[in-house]
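Spelled out, the chains give:
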Amino acid sequence: MLVKWMKQRKQKQPSETIEDIYLIFDKSSDYSKYKRKLNDKEFEISYFQTMIDIDRLHRDVLPYLTEAETSDLDSMIELVPIQNKMITTKPQDLRNKVMEGFIAIRDLEDLSTVALIEAGLASDREVTTPEVEFSVAGPQESFIESIDTNINLIRKRLPLPQLQIKEFTLGKITKTRVAVLYVEGLVDQENFDTMIQRLQDLEFDQILDSSSLAQMITDKTMSIFPQLINTERPERVSAVLAEGKVAFLCDGSPESVFGPVTLVEFFSSLEDYYLPWQIASSVRLLRFFSVAFSILATPIYVAVLTYHYELIPKDLLATVMASRSNIPFPPVIEAVFLELTIELLREAGARLPTKVGQTIGIVGGIVIGQASVEAGLTSNVLLIIVALAALASFTTPVYQMGNTIRLIRFPFILSAALFGGIGIAFCGLYTLAHLLHLTSLGRPYLEPIFPPRVRDWRDAFIRMPFRYMSTRPVYLRPRDKGRFNFFRAKEKHDIDE
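The notes below deal with the structure included here. (Residues numbered from 1 in each chain as written. Predicted model: local features only at pLDDT ≥ 70, side-chain atom pairs only at ≥ 80, totals over all residues. Heavy atoms only, no water.)

Pairing analysis gives eight bridges linking strand E1 (residues 31-38) to strand E2 (residues 41-48), with the strands arranged antiparallel. Paired with Lys37 across the bridge in E2 is Glu42. Between the end of E1 and the start of E2, which pair antiparallel, lie two residues, with Asn39 showing a positive phi angle near 55°. (Pairing = 2+ DSSP bridges. Helix = DSSP H or I, 4+ residues; strand = E, 2+ residues; numbered from the N terminus.)

Moving on: the pattern of salt bridges. Inspection of the entire model under this criterion finds 30 salt bridges. The salt bridge involving Arg443 is made with Glu190; its shortest N-O contact spans 3.6 Å. With Arg443 in strand E12 (residues 443-444) and Glu190 in helix H7 (residues 189-200), this pair connects stretches of sequence that are 253 residues apart. Put simply, Glu343 and Arg406 hold a salt bridge, and the shortest N to O gap is 2.7 Å. In this pair, Glu343 sits in helix H12 (residues 331-351) while Arg406 sits in helix H15 (residues 399-419), placing the two residues 63 residues apart along the sequence. As far as burial versus exposure is concerned, Glu343 and Arg406 are alike and both buried. Within the structure, one salt-bridge network assembled from shared partners comprises Glu339, Glu343, Arg346, Glu347, Arg406 and Arg409. (Salt bridge = Lys/Arg side-chain N within 4 Å of Asp/Glu carboxyl O. Buried < 20%, exposed > 50% of the residue type's maximum accessible area, 1.4 Å probe, protein only.)

What follows is about the packing of aromatic side chains. Taken as a whole and assessed by the stated rule, the structure comprises 10 aromatic pairs. Members of the aromatic cluster, joined through ring pairs, are Phe267, Phe288, Trp457 and Phe461. For Arg106, the ring lying beneath its charged end belongs to Tyr22, and the centroid distance is 3.8 Å. The positively charged end of Arg463 is found above the aromatic ring belonging to Phe466, 4.5 Å away from the centroid. (Phe/Tyr/Trp six-rings, centres within 6.5 Å; stacked < 30°, edge-to-face > 60°. Lys NZ or Arg CZ within 6 Å of the ring centre and 35° of its normal.)

A few words on the nonpolar core. For soluble globular proteins, the rule of thumb is that nonpolar side chains tend to be buried together. Ranked by size, the top nonpolar core spans 55 residues in total, and within it Ile154, Leu241, Phe266, Phe267, Val302, Met401 and Tyr445 carry the most contacts. Here this core takes nine residues from helix H10 (residues 277-306), the largest share from any one element. If we ignore the near neighbours within four places in the chain, the residues touching Leu241 are Ile154, Leu158, Leu163, Leu181, Tyr182, Val183, Leu186 and Ala247. (Core = buried A, V, L, I, M, F, W, Y, C linked by side-chain atoms within 4.5 Å. Contact = heavy atoms within 4.5 Å.)

Among the secondary structure elements, Ser393 is positioned in helix H14 (residues 380-393). Leaving out residues up to four positions away in the same chain, Ser393 has contacts with Ser294, Arg346, Ile405 and Arg409.

Taken together, the buried positions of helix H6 (residues 147-157) are Ile147, Asn150, Ile151, Leu153 and Ile154. The arc that holds every buried residue of H6, seen down its axis, measures 155°, which confines them to one face. Packing partners of the buried residues in H6 comprise strand E6 (163-170), strand E7 (176-183), helix H9 (234-243) and strand E9 (246-250). (Arc of directions from axis to C-beta.)

Across a regular strand the side chains alternate sides, sitting on one face of the sheet and then on the other. Most of E7 is tucked away, with seven of its eight residues classed as buried. Inspection of the sheet shows E6 paired to E7 by eight bridges, in the antiparallel sense. In the strand pairing of E7, Glu167 is matched with Ala179. Hairpin connection between E6 and E7: a loop of five residues separates the two successive antiparallel strands, and Gly171 in this loop has a positive phi of roughly 95°. Bridge count between E7 and E9: four bridges; the pairing is antiparallel. From the neighbouring strand, Val180 faces E9, where its bridge partner is Phe248.

For the rest of this paragraph, the subject is the side chain of Glu243. One can find Glu243 in helix H9. Looking at Glu243, its side chain comes within polar contact range of the side chain of Arg483, at 3.4 Å. Once residues lying within four places of it in the same chain are set aside, the contact partners of Glu243 are Arg472, Pro473, Leu476, Pro478 and Arg483. (Polar contact = N/O pair within 3.5 Å; in protein donor to acceptor, adjacent residues only side chain to side chain.)

For sheets, the rule is that strands pair by backbone hydrogen bonds, running either parallel or antiparallel. What the five strands build is an open sheet, ordered E6-E7-E9-E10-E8; its pairing is antiparallel. Every interior strand has two partners, whereas the edge strands, E6 and strand E8 (229-231), have only one. Taking each pair of neighbouring strands and ignoring which way they run, the sheet shows an average axis angle of 25°. Of the strands in this sheet, E6, E7 and E9 touch H6, which is tilted by about 10° from E7. (Axes fitted to C-alpha atoms, helices over the stretch in contact; angles between N-to-C directions.)

This part takes up the packing of H10 against H15. Contact geometry for H10 and H15: axes closest at 8 Å, N-to-C directions at 20°. With respect to their mutual orientation, H10 and H15 come out roughly parallel. Both H10 and H15 take part in a crossing whose hand is right-handed. Each of Val291, Ser294, Ile295, Leu296, Thr298, Pro299, Val302, Ala303 and Thr306 in H10 lies in contact with H15, whose residues at this interface are Ile405, Ile408, Arg409, Phe412, Ile413, Ala416 and Ala417. Residue composition of the contact of H10 with H15, grouped by class: 12 nonpolar, three polar and one charged. (Parallel < 35°, antiparallel > 145°, perpendicular 65-115°, else oblique. Left-handed = near helix turned anticlockwise from the far one by under 90°. Nonpolar A, V, L, I, M, F, W, Y, C, P; charged D, E, K, R; others polar.)

For the rest of this paragraph, the subject is unusual backbone geometry. Residue Pro260 is bonded to the preceding Gly259 through a cis peptide linkage, with omega at -5°. Within the fold, Pro260 resides in the loop between strand E10 (256-259) and H10. Here Glu447 and Pro448 are connected by a cis peptide whose omega angle stands at 10°. Within the secondary structure layout, Pro448 lies in the loop between E12 and helix H17 (486-496). Phi is positive for Leu441, which is not a glycine, with a value near 55°. For Leu441, the position within the fold is in the loop between strand E11 (439-440) and E12.

This next bit is on helix H8 (residues 210-217). For H8, the set of buried residues is Ser210, Leu213, Ala214 and Ile217. The arc enclosing the buried residues of H8, seen along the axis, measures out at 105°, which places them on a common side. Along its buried surface, H8 packs onto E6, E7, H7, E8, E9 and E10. The opening residue of H8, the one whose side-chain oxygen lies 2.8 Å from the backbone nitrogen of Ser211, is Asp209.

Next up, the structure:
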């Protein structure tokens, strides 16, 4: 009955006409319309003042309209030297194009036909250096909010006709342009179809940023671990497209999102490929150690002081006991207090203006930490551990994964307070089981650890020399697996030596 009632209600609703669209436009204060006589015929020209370039209207549109020999719209707009123009009788075209910065022109004797000419106001900022993924070596360009400029930055690095772009509109209210990029002949068709299907199946009224769009199409939306990577660097998108991945851009967002990805990719930086492989591998291993330290340092402190005093060396036991002699709280309370204090300082520093935020982060950390130790609220040993754990969490190159690492420390701390070392072990096993269950666009999240792929270990925890990275990642299932001929490259290298 409900379905039948909805169908009847939909049938009773009158269809929207062009005149209805004009009436809606006319309610806005920034909407302008005026009549102008062109070739002995009266036309109405209308547009939103805040959406178009007035100089372009008077320079590139109006002078050419009067040069037509006839007074029909087809002949008139044919002379206008602007590429994006059309004649339509569809109300939806009128609504969408005018809101994108088009000028509407209609003959007052034929109100059902409208000519639309693009004259949008360009208000994009210039391409600047990356702020989130900053690196010392390598290109210093980042995406901006214009999707056309972002596509240009990628095409400059991949000047291939095989670089294909599929564009469509998402959001019932925002009408946001979304472009999916892939390299034909490399990308696995299943990965591409999965990305396209998930984006096109979305039914949401507003799409404001690529980050929110990425959350809507992830495999496990309830997981705290990101399953797609956001990046503001064009060269990273170009590199992953050349591997056979799929990326998408969202108009109004200075970031691109690509997938499928694995867990180890969140700890890989572009700088790893600009430095010698020995240094890059050492730095990457340091990141993995830093993440483990950031997650486990404070929970181990709580577990040891609560249940496992025998694990503390005798020479260190006196120092630890002296630091806690005046602390009235159990270890878990002081650990949570300090962790929350660090998070408050970090969040305050991120939200305040840059210069003030840096001052708050440095001065606030020193003052509050020293004051809490002198007041007997926390021990100086724990203060050092929490500070080092906070520093270690900053080594993660991808911001989304850094947020995850900041949050999962707290379940580990509570498990350590309740069950000691066994609680940490069980919490770690639960996290591992969760990671084994995750996928990215249907591909294994823990690859090459599980399932084990020996070939992909060459660019996992360490980065091997480029001459040993002759094939693309196995889990992507690229159509063209090889990057170059390994044996020919090795033979040439041996001759050079």
